[in-house]
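# Structural characterization, general
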Amino acid sequence: MKPFEETIITAEELVSAQAFHGHKCPAMPQGLRAGHLAMDILDVSRARGGGELIAVVETGYHHFSGCFADGVMVATGCTVGKGNLVQKPLGKFALTLIDPKSGRAVRVIPRYERMSQCLNMDFFKLRAEGVPPYALDPDVVEPLIEDVMTRPWQEIFEVKEFTHYPYEKAPEIFDAVQCAHCGELVVTSYAHKYGEQWYCGPCLDQMLHTGGMPVESR
Ligand SMILES: [Zn+2]
Ligand SMILES: [Zn+2]
C-alpha cells in the first residue's frame, strides 16, 4: 500500500452526518471513517456525480450496524439517488470503493474481533431489547462514537486493494415511455415491449399472471 495521509473527520462533518442519519450510534461513524479511509487510499475526492465513484456496501436490512451504510454515503458522496451506492445485502460489513477511472478499488473490512465484541456492548444489548437508538442514554453511546472516531484505523479495519476491479459502466438513460396499461411514465430501459405497446414491470406481470391482455384501467 502506498503511504497516504488519513483525512481528519471534523466535528462539523460528524454532526451533519448525524443530522442526516437521524440519531447517534457507533455504526454510522464507522461507515464515515471507512468511506474516508477508502478515498484516502485510492487518492480520490468525494463523488459529485454518478460515474465518479462506486461504493458497494454489504449490509443487509433490519440488522445491527446497518447504519454503517449511511456513513459511507456521507463520506464518499455515493448515494442511492445518484445510483453509485450499491447495496449488496450479504449481512456483512465491508465497503468496496471503486474508482471507475483508474479501475482501482479498495475493500475496507471491519475486523472480526471488533465487530463480534460489539454484540457484547450495552449499546447493542439495549438495542436488541428493543430500545430505539435515539432513546439511549448518551453515556452509553458517546464513548463508542469517540472510540470509533479516534482509534487508529488499523485496529478497526482490514484493507484489501485491487488494481483492476471488474466493473461495468452503465450508461445514464434519458428516455421514457408511457405504460399502455397504467398510463404512468417508465424509463425505457425498465419498460417492456409487448406487441406494439410498452408496459411497466407490474402491468406486464399482471398480464402474464392473468394470461391475457391487461384489464381496463379505471
Ligand atoms: Zn445509526
Ligand atoms: Zn403500468
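Residues numbered from 1 in each chain as written. Chains lettered and ligands numbered in written order. Predicted model: local features only at pLDDT ≥ 70, side-chain atom pairs only at ≥ 80, totals over all residues. Heavy atoms only, no water.

Further remarks concern the packing of helix α2 (residues 27-42) against helix α3 (residues 68-76). For the pair α2 and α3, interaxial distance at closest approach is 6 Å and the crossing angle is 40°. One finds that α2 runs oblique with respect to α3. Between α2 and α3 the crossing geometry is right-handed. Contacts between α2 and α3 involve Ala27, Met28, Gln30, Gly31, Leu32, Ala34, Gly35, His36 and Met39 from the former and Phe68, Asp70, Gly71, Val72, Val74, Ala75 and Thr76 from the latter. (Axes fitted to C-alpha atoms, helices over the stretch in contact; angles between N-to-C directions. Helix = DSSP H or I, 4+ residues; strand = E, 2+ residues; numbered from the N terminus. Parallel < 35°, antiparallel > 145°, perpendicular 65-115°, else oblique. Left-handed = near helix turned anticlockwise from the far one by under 90°. Contact = heavy atoms within 4.5 Å.)

Turning our eyes to something else, we now look at the coordination of the zinc ion (ligand 2). Here the zinc ion (ligand 2) is held by Cys179 (SG), Cys182 (SG), Cys200 (SG) and Cys203 (SG), and the distances to it run 2.3 to 2.4 Å. Taken together, the four donor atoms surrounding the zinc ion (ligand 2) define angles of 100 to 117° at the centre, an arrangement classified as tetrahedral. Along the chain, the residues that donate to the zinc ion (ligand 2) are spaced as C-x2-C-x17-C-x2-C. (Donors = N, O, S within 2.8 Å, 3.2 Å for Na, K, Ca; no water. Tetrahedral: all angles 85-135°; square planar, octahedral: opposite > 155°, others 65-115°.)

Only His21 (NE2), His23 (NE2), Cys25 (SG) and Cys67 (SG) from the protein coordinate the zinc ion (ligand 1), and they sit 2.0 to 2.3 Å from it. Here the zinc ion (ligand 1) is ringed by four donor atoms whose angles at the metal span 93 to 121°, and the overall shape comes out tetrahedral. Counting along the primary sequence, the residues that act as donors to the zinc ion (ligand 1) give the motif H-x1-H-x1-C-x41-C. Side by side, His21 and Cys25 carry an identical accessibility label, which is buried. (Buried < 20%, exposed > 50% of the residue type's maximum accessible area, 1.4 Å probe, protein only.)

A few words on the side chain of Gln30. You can see Gln30 is positioned in helix α2. Contact partners of Gln30, with chain neighbours within four places excluded, come to Phe68, Pro110, Arg114, Met115, Val148, Ile156 and Phe157.

When the parts of a complex come together, some accessible area is lost, and that lost area is often used as the size of the interface. Entries for the protein in the domain assignment read domain 1 (11-162) and domain 2 (176-210). For domain 1 versus domain 2, the distance between C-alpha centres works out to 38 Å. (Domains from an automatic or database assignment.)

Glancing now at the sheet that holds strand β3 (residues 95-99). Strand order in the open sheet formed by five strands is β2-β1-β3-β4-β5, with mixed pairing between adjacent strands. At either margin of the open sheet sits one strand with a lone partner, and together these are β2 (85-87) and β5 (157-162). Across the sheet, the mean angle from the axis of one strand to that of its neighbour is 15°, orientation sign disregarded. Sheet analysis places β3 next to strand β4 (residues 104-110), joined by five bridges and oriented antiparallel. The residue bridging Asp99 from the neighbouring strand is Arg104, located in β4. Lying over the sheet, α2 contacts β3, β4 and β5, oriented at roughly 150° with respect to β4. Helix-sheet contacts for α3 involve β1 (54-57), β2, β3 and β4, and the interaxial angle to β1 is about 170°. (Pairing = 2+ DSSP bridges.)

In this structure the tally under the stated criterion is six aromatic pairs. Judged by centre distance (5.9 Å) and plane angle (85°), the ring pair of Phe64 and Phe124 falls under edge-to-face. Placement of Phe64 in the loop between β1 and α3 and of Phe124 in helix α5 (residues 122-128) is noted, with a sequence separation of 60 residues between them. Note on Phe124: relative accessible area 8%, which makes it buried. Between the aromatic rings of Tyr194 and Tyr199, the centroid separation amounts to 6.2 Å while the plane-to-plane angle is 75°, which identifies the pairing as edge-to-face. Its relative accessible area of 39% is what places Tyr194 among the partly exposed residues. Put simply, the rings of Phe64, Phe93, Phe123 and Phe124 pair up and form one aromatic cluster. (Phe/Tyr/Trp six-rings, centres within 6.5 Å; stacked < 30°, edge-to-face > 60°.)

Our next topic: the state of the cysteines. Going through the model one piece at a time under the given rule, you end up with zero disulfides. Take Cys78: it sits in no disulfide, and the sulfur closest to it among the cysteines is that of Cys67, at 19 Å. By relative accessible area, Cys78 is classed as buried at 0%. (Disulfide = S-S within 2.5 Å.)

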